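Descriptive structure summary
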Amino acid sequence: MTSQFPFDRALPGVRELQPYQPGKPAEELERELGISGAVKLASNENPRGCSPAVLSAIREYSDIGLYPDANGFSLKQALSRQLGVEPAQITLGNGSNDVLDLLARVFVGPGDDVVFSEHAFLVYPLVTRAVGGNAVVTPAADWGHDLLAMSKALTSRTKLVFIANPNNPTGTYSPATQLEQFLAEVPGNIVVVIDEAYFEYVSADDYPNALHWCTRFPNLVVTRTFSKIHGLAGLRIGFGVASKEITDLLNRVRQPFNVNALALVAAEAALNDAEHAVRCARDNEEQRARLARFCVERGLEYIPSVANFLTVAFGDHAGEINSKLLHKGVIVRPLENYGMPHHLRITIGRDREMDRLFDALGSFL
Ligand SMILES: *Cc1c(COP(=O)(O)O)cnc(C)c1O
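Residues numbered from 1 in each chain as written. Predicted model: local features only at pLDDT ≥ 70, side-chain atom pairs only at ≥ 80, totals over all residues. Heavy atoms only, no water.

Looking now at the domain arrangement of the protein chain. Along its sequence, the protein chain is carved into domain 1 (21–49 + 275–362) and domain 2 (52–272). Centre-to-centre, using C-alpha coordinates, domain 1 lies 25 Å away from domain 2. Taken residue by residue, the interface counts 24 residues in domain 1 and 22 residues in domain 2. For the pairing of domain 1 and domain 2, the buried interface totals around 2,000 Å² over both sides, and the portion due to carbon and sulfur atoms is 64%. For domain 1, the biggest contributors to the area lost against domain 2 are Ile303, Val306 and Tyr338; these three give 32% of the whole. Taken together, the links from domain 1 to domain 2 amount to zero salt bridges. Remark: the boundary between domain 1 and domain 2 carries eight residue pairs in polar contact (both at pLDDT 80 or more). Taken together, the elements giving at least two residues each to the side of domain 1 that touches domain 2 come down to α11 (274–298), β10 (309–313) and β13 (343–347). Examining the composition of the side of domain 1 that touches domain 2, we find that six residues originate from one element, α11, more than from any other. (Domains from an automatic or database assignment. Contact = heavy atoms within 4.5 Å. Buried area = accessible area lost by both parts, 1.4 Å probe. Salt bridge = Lys/Arg side-chain N within 4 Å of Asp/Glu carboxyl O. Polar contact = N/O pair within 3.5 Å; in protein donor to acceptor, adjacent residues only side chain to side chain. Helix = DSSP H or I, 4+ residues; strand = E, 2+ residues; numbered from the N terminus.)

Okay, here's the thing in structure tokens:
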């Protein structure tokens, strides 16, 4: 079957790939069960959505007939002011996943190694294999990245290292001193990507802002997104910060209009509403603590998380619990494809959504 056209003509890496499995949309479950009001806690989306300022900015924008600004001048200026980096260090992407993809396309070819951790974000193997690279997966330690093991896995074939900080789907993070030490040990010709998709949610004292290391380590790329705390997942916009030289290379392979006009306008409005982000982070901590307490009361183990989700161990019952939750109209994320068949990842919702989850879980635990 797969030795026939068109599979035989596809690149070997592509033939091995499994398509990324997104969280089930609430509408789909509602259609399947003939219910309404399903609660989706499966894709780490912001339960408050975006800032109202974003919605007005989008409504006011009408130049849809024109191509967007291919260089995102205005947004890069705003990011530059907020982050203290130069516009020439910023690459905008159609989601930060787009930037991860650009990195693989610029630096990785057939036979090159890309190092990342077990249980790390699934987009890393996806972008690696799509360009023919070898995924070198190091064992996790306590569900988090084992930086020492990652350091030891680097060879002359290694082109790229992906570190999710914090990691999805485990919610674990690498503290500043360890990560800085890792960066200092990595040969200067290996590009290290620190993926900070959940940066704004983290309040731990020893959690680093990797942007501070960009000058000291010219091989470092930091990625962030507007999908999570800014609530713009549906518009697709994220960015990478790196040296001007790396940024120039990314810009060569980037589709000229990879970020759409509404996303540019929305992202800038989101940046200007810092209060929204603060409120979302506060809500998240409160509700995450509630979920953690629920787990303790019910004797459920969970992986301590600094992000907007909590990954809970249900042992051999994870699949069954997932189906039962679906029947109650609550969508969470099973993690078989992350090598974690006994866990479910639960995105932190608002008060009412967490109540629905607790009611549902309470009825069959
Ligand atoms: C959600 C997420 C992203 C962001 O993806 P976008 O393409 O920006 O929506 C990146 N990395 C990790 C680890 C994530 O969980």
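Moving on from the coordinates now.
The subject of this paragraph is the sheet that holds β10. Pairing within the open sheet is antiparallel, and its four strands lie in the order β9-β10-β13-β12. The two strands at the open ends of the sheet, each matched to only one other strand, are β9 (301–303) and β12 (333–334). By the bridge criterion, three bridges tie β9 to β10 in an arrangement that is antiparallel. Bridge pairing links Glu301 to Ala313 in β10. Sheet strands touched by α11: β9, β10 and β13. Its angle to β10, the strand with the most contacts, is close to 10°. (Pairing = 2+ DSSP bridges. Axes fitted to C-alpha atoms, helices over the stretch in contact; angles between N-to-C directions.)

Time to look at the sheet that holds strand β5 (residues 158–164). Strands in a sheet are paired, the pairing made by backbone hydrogen bonds, and the direction either parallel or antiparallel. The mixed open sheet is built from seven strands, whose spatial order is β2-β8-β7-β6-β5-β3-β4. Edge positions in the sheet fall to β2 (90–93) and β4 (134–138), since each has one partner strand and no second. Strand-to-strand, the axes of this sheet are offset by a mean angle of 20°, without reference to chain direction. Pairing analysis gives three bridges linking strand β3 (residues 113–117) to β5, with the strands arranged parallel. Each bridged residue has a counterpart across the sheet, and for Asp113 the counterpart in β5 is Thr158. Helix-sheet contacts for helix α5 (residues 96–107) involve β2, β5, β6 (191–195), β7 (220–225) and β8 (238–241), and the interaxial angle to β7 is about 155°.

The description of two helices packed together rests on the angle between their axes and the distance between the axes. Taken N-terminus to C-terminus, the directions of α11 and helix α13 (residues 351–364) make an angle of 15°; their axes are 11 Å apart at the nearest point. One way to sum up the angle between α11 and α13 is to call them roughly parallel. Viewed along their axes, α11 and α13 form a crossing whose handedness is right-handed. Contacts between α11 and α13 pair Gln287, Arg290, Leu291, Phe294 and Arg298 from the former with Asp351, Met354, Asp355, Leu357, Phe358, Leu361 and Gly362 from the latter. Residues belonging to the contact of α11 with α13 are distributed by class as follows: six nonpolar, two polar and four charged. (Parallel < 35°, antiparallel > 145°, perpendicular 65-115°, else oblique. Left-handed = near helix turned anticlockwise from the far one by under 90°. Nonpolar A, V, L, I, M, F, W, Y, C, P; charged D, E, K, R; others polar.)

By nearness alone, every residue bordering the ligand is listed as Gly95, Ser96, Asn97, Phe121, Asn168, Asp195, Ala197, Tyr198, Thr225, Ser227, Lys228 and Arg236. A distance of 2.5 Å is found between an oxygen atom of the ligand and a side-chain nitrogen or oxygen belonging to Thr225. Expressed as a share of its isolated accessible area of 380 Å², the protein-covered part of the ligand is 94%. Across the shell around the ligand, the residue classes break down as three nonpolar, six polar and three charged. (Near = heavy atom within 4 Å. Areas by Shrake-Rupley, 256 points an atom, 1.4 Å probe, with all protein chains shown as cover.)

Here we take up the packing of aromatic side chains. Taken as a whole and assessed by the stated rule, the structure comprises nine aromatic pairs. Both rings, one in Tyr124 and one in Phe162, keep their centres 4.6 Å apart while their planes meet at 5°; by these two values the pair is stacked. Of this pair, Tyr124 sits in helix α6 (residues 123–130) while Phe162 is found in strand β5, placing the two residues 38 residues apart along the sequence. Phe162 matches Tyr124 in its accessibility class, with the two residues each being buried. Both rings, one in Phe199 and one in Tyr207, keep their centres 5.7 Å apart while their planes meet at 45°; by these two values the pair is tilted. Take Phe199: its relative accessible area is 19%, and that puts it in the buried class. Positioned above the aromatic ring of Phe199, the side-chain terminus of Arg224 is 3.7 Å from the ring centre. (Phe/Tyr/Trp six-rings, centres within 6.5 Å; stacked < 30°, edge-to-face > 60°. Buried < 20%, exposed > 50% of the residue type's maximum accessible area, 1.4 Å probe, protein only. Lys NZ or Arg CZ within 6 Å of the ring centre and 35° of its normal.)

Attention shifts here to the pattern of salt bridges. Applying the stated rule across the entire model yields 16 salt bridges. For Lys40, the salt bridge is made with Glu45, and the minimal N-O distance between the two is 3.2 Å. Across the salt bridge formed by Glu196 and Arg224, the nearest N and O atoms sit 2.8 Å from each other. A residue pair is termed long-range when its members are at least 10 positions apart, and Glu196 in the loop between β6 and β7 and Arg224 in strand β7 qualify at 28 residues. Salt bridges sharing common partners tie together Lys24, Glu28 and Glu32.

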